[in-house]
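This is what each chain is made of:
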Amino acid sequence: MKTKDRVLELLEENRGNFLSGQEIADKISVTRASVWKAIKALENQGYKIDAVTNRGYRLRLDISEINAAIIEKSLNPVKSQYFLDVDYLKVIYESEITSTNDFASGLVRESGEPVLVIADTQTKGRGRRGRNFFSPKGTGIYMSLALRSGKRISEMTEITAVAAVSVSKAIDDVIFKGRDVAKIKWVNDIFVGQRKVAGILTEGFSSFEEPDESYIVIGFGINVFCPENGFPKEIKDIAGAIADGGLEIDNYDDLRNKLAIKVIQNLFEYLDAKKEDCLNVYRKKMFIIGNYVRIEDYKSGIKYAYVIGVSDDYRLEVRYDDESVDLLSSGEVSTQKY
Ligand code: BTN
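A. Just the site of the ligand, in detail. Surveying the vicinity of the ligand reveals 20 residues, the closest of which are S99, Q122, R126, R128 and K196. Measuring from an oxygen atom of the ligand, one finds a side-chain N or O atom of S99 at 2.8 Å. The contact in question runs from an oxygen atom of the ligand to an N or O atom on the side chain of K196, over 2.6 Å. Among the detected pockets, the ligand sits in the largest pocket. Looking at the shell around the ligand, the elements with two or more residues in it are α5 (100–111), β5 (140–148), β8 (195–205) and β9 (215–223). If one sorts the elements of the shell around the ligand by residue count, β8 sits on top with 4 residues. Its residues assigned to classes, the shell around the ligand comprises 6 nonpolar, 10 polar and 4 charged.

What follows is the structure in structure tokens.
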């Protein structure tokens, strides 16, 4: 292991507390000059390190920093049966970007290498069905995983639902001590209480000439903290943040890094797990089962139906007023009263 990585390990173990240059040097058997060089290298990588005379060095505790180096280190090496050619995931952080989906898409198209792009704010964040995704600075996780899938896009219909399970389980584990708090509204909206706290935009790009160059981009938008001036009026009645006042949160340190890491780890794990593992969580978390809902589909317009359940391929099983039963693959469901 490089001196830099060993220094980082020590600082992480003592995050928030000072370690003198001599202590670090003794623990890893290098000179103080090497420790100093390692600290400079870590700072260049984006780590925020306080250096104070007579006290030493400490990794700064900052609840709102996103740190690509920490995320990249935690995620690698990647083990995936589902995406056979993926063994290393590069993580790129941008403080401001138009859309992480667009940026990640360009990168994977050009280089073919898997990449996770994460931004502190997006100026043109995109949601499903052509909507904007409100992405204010310092409060959310806006990230996109882009990779050459080695599969046809049509063979990956479950990926959006698996992504929804990955996000909701990450929220439960990182924030709510594993309690079943985050819920899913078909297909992939994540709710905490009555509020939508996260959404997923999955985009597939197929190449007919070069099928191996087809790739997929999975974009995650998670509202972690409340924006300073609240949510815009168009979404203020539905949007919410996970760490929103009244909720009991265990530990605010590093929340965004921890959540981002857990989401991606969950995604790779659920894609490799038995199909039922993910399906069972999805069904348990789907809160519209047993409800009478409004379904808006761009092909067939607006309909109302009773939700029976979710099929094995993540389609919504509904019963209309005329007793006919249908399996839906797409559409927007809402549970408002009629
Ligand atoms: C939705 O709820 O309609 C989906 C929202 C997806 C938003 C994320 S934020 C990161 C990525 N980049 C985008 O432009 N959109 C997705």
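Picking up where we left off.
B. Looking closely at the pairing of strand β3 (residues 90–97). As judged from the 7 bridges shared by β3 and strand β4 (residues 115–122), these two strands associate in the parallel manner. Bridged to E96 within β4 is T121.

C. Here's a closer look at the packing of aromatic side chains. Enumeration according to the criterion identifies 7 aromatic pairs in this entry. Centre to centre, the rings of F133 and Y142 are 6.4 Å apart; their planes meet at 70 degrees, and the pair counts as edge-to-face. The exposure class of F133 is buried, given its relative accessible area of 18%. Look at F205 and Y215: their rings are 4.8 Å apart centre to centre, the planes differ by 20 degrees, and that puts the pair in the stacked class. A residue pair is termed long-range when its members are at least 10 positions apart, and F205 in strand β8 and Y215 in strand β9 qualify at 10 residues. The buried category is assigned to Y215, whose relative accessible area is 4%. Aromatic rings pair up to connect Y82, F83 and F268 into one cluster.

D. The arrangement of helix α3 (residues 32–44) in detail. The end-to-end C-alpha distance of α3, which contains 13 residues, comes to 19 Å, matching closely the 18 Å that a straight helix rising 1.5 Å per residue would cover. For α3, the set of buried residues is V35, A38, I39 and L42. Down the axis of α3, the sector holding all buried residues measures 105 degrees, keeping them to one side. Set apart from the buried face of α3 by more than 90 degrees, the exposed residues are A33, K37 and N44. The positive-phi residue at the C-terminal boundary of α3 is G46, with phi of around 110 degrees.

Parameters at a glance
Residues numbered from 1 in each chain as written. Predicted model: local features only at pLDDT ≥ 70, side-chain atom pairs only at ≥ 80, totals over all residues. Heavy atoms only, no water. Near = heavy atom within 4 Å. Polar contact = N/O pair within 3.5 Å; in protein donor to acceptor, adjacent residues only side chain to side chain. 1 Å grid on protein atoms, 1.4 Å probe; cavity = no way out; pocket = protein on both sides within 12 Å on 5 of 7 lines; lining within 4 Å. Sits in = over half its atoms within 2 Å of the grid points. Helix = DSSP H or I, 4+ residues; strand = E, 2+ residues; numbered from the N terminus. Nonpolar A, V, L, I, M, F, W, Y, C, P; charged D, E, K, R; others polar. Pairing = 2+ DSSP bridges. Phe/Tyr/Trp six-rings, centres within 6.5 Å; stacked < 30°, edge-to-face > 60°. Buried < 20%, exposed > 50% of the residue type's maximum accessible area, 1.4 Å probe, protein only. Expected span 1.5 Å × (residues − 1). Arc of directions from axis to C-beta.

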